[in-house]
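For reference, the chains in residue letters:
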Amino acid sequence: PAAEFLTNKYLIAKASHVGFYALMAILSAWVPLERRYRWLMALFLIGHAVGTELLQTALEPYCHRLGSLADVGYDCLGILLGAALSWKWWTKDSG
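Residues numbered from 1 in each chain as written. Predicted model: local features only at pLDDT ≥ 70, side-chain atom pairs only at ≥ 80, totals over all residues. Heavy atoms only, no water.

**Things to note about the nonpolar core**
Argument step 1. In terms of nonpolar packing, the biggest core is built from six residues, these being Tyr21, Met24, Ala25, Leu45, Ala49 and Ile79.
Argument step 2. For this core, the elements supplying multiple residues, two or more each, are helix 1 (8-28) and helix 2 (38-58).
Argument step 3. In terms of residue count, the dominant contributor to this core is helix 1 (three residues).
Argument step 4. With residues near it in sequence (within four places) discarded, Leu45 still touches Tyr21, Met24, Ala25, Ser28 and Ile79. (Core = buried A, V, L, I, M, F, W, Y, C linked by side-chain atoms within 4.5 Å. Buried < 20%, exposed > 50% of the residue type's maximum accessible area, 1.4 Å probe, protein only. Helix = DSSP H or I, 4+ residues; strand = E, 2+ residues; numbered from the N terminus. Contact = heavy atoms within 4.5 Å.)

This is how it looks when you write it as structure tokens:
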């Protein structure tokens, strides 16, 4: 419903998704990898985002949460934001 987008709980939850994955992307820029393998870090983060949502769906009877494709989208937005903010380190060659 449209009213769901206006609640503080919703905004905080989605901002947390974006912020957490942005932070992970920024921190992963410091991993000593050659520039040509950097995309693997982003792929790993995307896999983590998908995996956690699938796990929430699988464990729904126990944790009472469902995974959400929208949350994966917010996570990917965070990864893009984090990579953009740390682009200098993402493009730096460690070798």
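**Looking at helix 1**
Argument step 1. For helix 1, which comprises 21 residues, the first-to-last C-alpha distance of 30 Å matches the rise-based estimate of 30 Å (1.5 Å per residue) to within 8%.
Argument step 2. Of the positions making up helix 1, those classed as buried are Tyr10, Lys14, His17, Val18, Tyr21, Ala22, Met24, Ala25 and Ser28. Projected down its long axis, helix 1 shows its buried positions confined to an angular sector of 165°, all on one face. Among the exposed residues of helix 1, those oriented more than 90 degrees off its buried face are Asn8, Lys9 and Ile12.
Argument step 3. In the core, the buried residues of helix 1 are packed alongside helix 2, helix 4 (69-85) and helix 5 (87-90). (Expected span 1.5 Å × (residues − 1). Arc of directions from axis to C-beta.)

**Topic: the packing of helix 1 against helix 4**
Two measures define how a pair of helices packs: the angle their axes make with one another and the distance between the axes.
Argument step 1. Two numbers describe how helix 1 lies on helix 4: the axes approach to 7 Å, and their chain directions differ by 45°. As judged from the angle between their axes, helix 1 and helix 4 are oblique. The crossing of helix 1 and helix 4 is right-handed. The segment helix 1 lies against helix 4, with Tyr10, Lys14, His17, Val18, Tyr21, Ala22, Ala25 and Ile26 engaging Asp71, Tyr74, Asp75, Leu77, Gly78, Ile79, Leu81, Gly82, Ala83 and Leu85. (Axes fitted to C-alpha atoms, helices over the stretch in contact; angles between N-to-C directions. Parallel < 35°, antiparallel > 145°, perpendicular 65-115°, else oblique. Left-handed = near helix turned anticlockwise from the far one by under 90°.)

Honestly, that's just the spatial picture; any functional story needs more than this.
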